[in-house]
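Topology and contacts: notes
Residue-level listing of the chains:
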There are 2 protein chains.
Amino acid sequence: MTGAGRSGGRAVLETLRAWGVRRVFTCPGSTEAAFLDATLDHPDFEVVLTPHESIAVSAADGYARVTGEPAVAYLHTHVGLANSLGHLNAARLAHSPVVVLTGLKPALLQSHRSFTCVPDTGRLVEPYVRAQWQSLRTEDIPADLNRAFRLALTEPAGPTWVGLSQDLMNDTCTAPVPDPQRYRPRARTAPDPELIREAAALLASADSPLLVAGAEVARHGAVGDLIALAERLGVPVVNEDRRTYERPGFPTSHPNFAGLYDARRATVRDSDLIVFAGCRCFTEFETPVRPDVPEGARVVHIHSDAAEIGHIYGVDTGIVADEGLALAALLEALPRDGLAARAGRVDEARGEYLADTGPLPPEPEGVENVAAVADALAEQVGENTTVVGDATTTGAILLRRLPQDPPHQYYTTSSGSLGWAMGAALGVKLGLPEREVVAVLGDGAFQFGPQGLWVAARYQIPVTFVVINNESYAAVAAALRRYGGTAVERGEFPGKDLSGVDVAAIARGYGVFGQRIHQAAELGEAMAKARTHPGPSLIEIMTDPDYLGP
Amino acid sequence: MTGAGRSGGRAVLETLRAWGVRRVFTCPGSTEAAFLDATLDHPDFEVVLTPHESIAVSAADGYARVTGEPAVAYLHTHVGLANSLGHLNAARLAHSPVVVLTGLKPALLQSHRSFTCVPDTGRLVEPYVRAQWQSLRTEDIPADLNRAFRLALTEPAGPTWVGLSQDLMNDTCTAPVPDPQRYRPRARTAPDPELIREAAALLASADSPLLVAGAEVARHGAVGDLIALAERLGVPVVNEDRRTYERPGFPTSHPNFAGLYDARRATVRDSDLIVFAGCRCFTEFETPVRPDVPEGARVVHIHSDAAEIGHIYGVDTGIVADEGLALAALLEALPRDGLAARAGRVDEARGEYLADTGPLPPEPEGVENVAAVADALAEQVGENTTVVGDATTTGAILLRRLPQDPPHQYYTTSSGSLGWAMGAALGVKLGLPEREVVAVLGDGAFQFGPQGLWVAARYQIPVTFVVINNESYAAVAAALRRYGGTAVERGEFPGKDLSGVDVAAIARGYGVFGQRIHQAAELGEAMAKARTHPGPSLIEIMTDPDYLGP
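Here the structure is a predicted model, which means the values were calculated and not measured.

Looking at the packing of helix 9 (residues 193-205) of chain A against helix 13 (residues 323-333) of chain A
All names here are of chain A. Direction vectors running N to C along helix 9 and helix 13 enclose 60°, while the axes themselves pass 9 Å from each other. Viewed along their axes, helix 9 and helix 13 adopt a mutual orientation that is oblique. Considering only the axes of helix 9 and helix 13, their crossing is right-handed. Side by side, helix 9 and helix 13 meet where Ile196, Ala199, Ala200 and Leu203 of the first sit next to Ala326, Ala329, Leu330 and Ala333 of the second. Among the residues forming the contact of helix 9 with helix 13, the class breakdown is 8 nonpolar, no polar and no charged.

Following this line, the structure appears as structure tokens:
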């Protein structure tokens, strides 16, 4: 260190602490020494070591999602950063305020494209963050970081990135840490009253309106407003499409709840007005055979981010505002009487939903039915349970059959980045220490994050991992089935077979209590054992390798 | 499929086959169905499934390195691609002809930024590839891929990338596959005769010249030329700096071999002429305290890539040419007699090298010495053994103590991308089926690629993984030691402790024969067991957690 003041590393720590950050999820290398050293002066500051960057970022994401507070992942050079990008994308889609810091080699070595250097590391993260910046002077570190925190939290929230060269971190600076309170304005906006009147008139006169609840409703604390509107109107509410589902915007336990948005469903097709609240419209998985918005239906889209409105399909009324303020204003603007009669509308929609959650076709003897597993899981999900879902083929079934009451009963990712729950569940548990946290993954997804087990064991984070092991990339086989070529003719599915992994044994290798079961009926007992076991545990349940999803 | 011809997926397979590719390393998703389906028509074409993209790319890299032939990793969307970037960087640094294909969602969905879409996926790989291109029409697929293969193989070789949208893959095309032979010119260049005369004169008159062998000498098959030159001159030869070391350019068993290039060594400091052949000069790990080239020494740098010459330090003579042609021309240009006398020069350099490979300081009782482990390993490395090295703290010790005769006795990576050997060793074994392949990793590196064990087990690739388990990120602690702050004062090293992993148990969970040992003396017996065991195996050897490297 040269000059007066504290090291750059210490300045980073001070800035983090000023923003209320009390732990960092990290997979460090040599470039993070000054920061790590500074943590020793603050025994209340926790360095959570993760043996793979994907875990660091997904754990930070999980924590940030459930608390709404910023979380920090501290990674090592472009090599470590690259390992985290898949899950950084998950944080982006969930508007999760994750601040990713990355230690870089000293400036001279960057010029020399030396060990673990590539030009312009920040470009790597550009698709995934709201802003990226590499600090240029030690003196600027507190302000650069402060800006990253501000942007991560400012609506629409999302990840940000700061690159920190080792020479700056080892050098000293005197710049004070800015006062975070002055950089954290509430960014809620109220809706345009004229647009609210327009939307209220549409709602009052529609014969068969449908409300669609998006993740942003829950993130912005507007679930109560949506419930009030739904009850006043007497209309069904569906949660948003599976492909954008991050968390429920409406309680599945509510009598007006009617399943998930899906353009193929009668409930959607028969609607003459659809109000999307806090949804992304849409994130398609395949080229749609019909539009995702039924022809002729009027569309109201409420979203706090103007860029989301009219993204693919046009809208009749687009309302840019905090979803809570907009929904409350809509309720207020409805006529006291004279609402169109919609007798039976909720019952019909709910009937369709309930019919859809009946038993799936029976499986061959000796292998367990995925629906039965989902139902057995559902029995284990209490009011105080948070499920962190990360299953591909089974994911759709879990969404249909598991209780999902906001704010905290269910979290998942629409990123397609497998293994997210292996880290996210840890962050969720740290953010919601009073809740029971159960991560539910397929075996394919598990393979993308086994290192999360070590973190769970090392820091005794009592998450229960449930791995539904069909020994397959069933999604690959399902794609071959849709393709309808030689694979279907021959019943051979290259790229599908993932058999031969003993997930419970791997868990034990990481120091986690592991159990393997073969029947859904055994799940209750296994969960009971997991609950009495101190620390984390894993339950592997074997299911039918030939089931390719609904 | 619409129209005449075969599917895009089939066109991809035909192009791969035309280039001699007989297997693909893949972690597929739904976008790769047309290609996977096409593979069913060719039972000789192998789809090697990997449960993490890092394994797909490092396995392809391993294969491409040892064969010089192109290898293909086929990944799924930006999500899968991101997971592979660290090891793609390893392929770049080794000039490994890896062609990465990535299935993308259909064009319409890309416009919609739909599921697993980001804008301009190819930008992600730009720091790591020679060229990236997303095919725009099905009709162009054969030519686009052909171009990717051509560039991957053309000097200076390296990875290339092609993005393949699902709609193009499912559509049909009639374009023929270009004849690869017409796109694979030999790109060797001969040196400028004038520069060779200049360099030969320097060599003839220098008092204490030193030859430095880089990885490119071995990759270009020029080891024999270097040996001939060294013997004619009677000078010592060192292999290049540890931080650029990918493979030996000179046999460690040769009497002129004198260790590794290191500016701190007397052998280097006392040289008045240094000839770098096929080296990168330099890839620094830390800001150098003295220049890596001794002051006053003359420098000749031979490299086939002009961009490598004079990168950090200036040269007296830079020769752009195939290293083999340049070294042979140098030998030819030396005067028949009148070489400066260098009696004792080889002995001195070799003496310094041998002194440096003596026993390291003894370890506390009950824990094993890393040098002893390296020496026990060295005893196991026969002429027909290939070591694939991927240890951080132990890596320097392995390089000093293990036999490394080109072309195939030792491979490693200078990328800093941990876990590389978990996939690379599989590709090495597939490329060199007659050789015994031993991957040597630290426990920290192992954690970045446990999924390679599943691939080894599933395809019965008989690699022996040796994991040197010090239960630590010793490199992090070493960095804190160099930083010299509170951590050193207190003897506390945050971010170091990786204890509690039973690597052998994890191996067994993946279906790999796993053994844990505690003494270097047990290694011989464990290796003997591994050799008689059919299929892959893993040996975990516990070492001192407090040893932080030389």
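Re the interface of chain B and chain A
With 92 residues of chain B at the contact, the number on the chain A side is 92 residues. Inspection of the chain B/chain A interface yields 8 salt bridges. The partner of Glu126 of chain B in a salt bridge is Arg123 of chain A, with the nearest N and O atoms 3.0 Å apart. At the junction of chain B and chain A, the tally comes to 36 residue pairs in polar contact (both at pLDDT 80 or more). Of all the elements, helix 4 (residues 77-93) of chain B adds the most residues to the side of chain B that touches chain A, at 8 residues.

Some remarks on the sheet that holds strand 16 (residues 410-411) of chain A
Residues and elements named next belong to chain A. The parallel open sheet is built from 6 strands, whose spatial order is 16-15-17-18-20-19. One side of each edge strand has no neighbouring strand; the edge strands of this open sheet are strand 16 and strand 19 (513-517). Pairing of strand 15 (residues 385-390) with strand 16, which is carried by 2 bridges, proceeds in the parallel orientation. Counted as the bridge partner of Val388 is Tyr411 from strand 16. Against the sheet, helix 15 (residues 370-380) engages strand 15, strand 17 (436-442), strand 18 (464-469) and strand 20 (537-542), with an angle of about 170° to strand 18.

Some points on the relation of the copies chain B and chain A
Related by rotation about an axis and a shift along that axis, the two copies of the chain form a pair. Turning chain B through 180° and shifting it by 0.0 Å along the axis lays it on chain A, with an RMSD of 0.0 Å. Accordingly, the operation relating the two chain copies is best matched by a two-fold axis. Taking C-alpha positions as reference, the residue of chain B nearest the rotation axis is Ile506 of chain B, located at 2.3 Å. Here 100% of the contact residues of chain B are again contact residues in chain A; the copies associate through an equivalent surface.

A closer look at the domain arrangement of chain A
Residue and element names in this part refer to chain A. As far as domains go, chain A holds domain 1 (6-182), domain 2 (193-355) and domain 3 (370-542). For domain 2 versus domain 3, the separation of C-alpha centres amounts to 30 Å. Between domain 2 and domain 3, the contact holds 19 residues from the first and 17 residues from the second. Between domain 2 and domain 3 lies a buried interface of about 1,400 Å² when both sides are counted; carbon and sulfur atoms form 50% of it. Counting the surface domain 2 buries against domain 3, the share from its top three residues, Arg242, Tyr245 and Glu246, is 37%. Taking the shortest distance from any N to any O, the salt bridge between Arg482 and Glu286 comes out at 3.0 Å. Scanning the region where domain 2 abuts domain 3 turns up 11 residue pairs in polar contact (both at pLDDT 80 or more). Grouping the amino acids of the side of domain 2 that touches domain 3 by side-chain chemistry returns 9 nonpolar, 4 polar and 6 charged.

Re helix 11 (residues 223-233) of chain B
Residues and elements named next belong to chain B. Those residues of helix 11 that sit buried are Val223, Leu226, Ile227, Leu229, Ala230 and Leu233. Buried positions in helix 11, seen along its axis, are confined to an arc of 165° and lie on one side of it. Lining the buried residues of helix 11 we find helix 9 (193-205), strand 9 (209-213), helix 10 (215-219), strand 10 (237-239) and helix 13 (323-333). Phi for Gly234, located one or two positions after helix 11, is positive at around 65°.

Calculation notes
Residues numbered from 1 in each chain as written. Chains lettered and ligands numbered in written order. Predicted model: local features only at pLDDT ≥ 70, side-chain atom pairs only at ≥ 80, totals over all residues. Heavy atoms only, no water. Axes fitted to C-alpha atoms, helices over the stretch in contact; angles between N-to-C directions. Helix = DSSP H or I, 4+ residues; strand = E, 2+ residues; numbered from the N terminus. Parallel < 35°, antiparallel > 145°, perpendicular 65-115°, else oblique. Left-handed = near helix turned anticlockwise from the far one by under 90°. Contact = heavy atoms within 4.5 Å. Nonpolar A, V, L, I, M, F, W, Y, C, P; charged D, E, K, R; others polar. Salt bridge = Lys/Arg side-chain N within 4 Å of Asp/Glu carboxyl O. Polar contact = N/O pair within 3.5 Å; in protein donor to acceptor, adjacent residues only side chain to side chain. Pairing = 2+ DSSP bridges. Least-squares fit on C-alpha atoms with pLDDT ≥ 70 in both. Domains from an automatic or database assignment. Buried area = accessible area lost by both parts, 1.4 Å probe. Buried < 20%, exposed > 50% of the residue type's maximum accessible area, 1.4 Å probe, protein only. Arc of directions from axis to C-beta.

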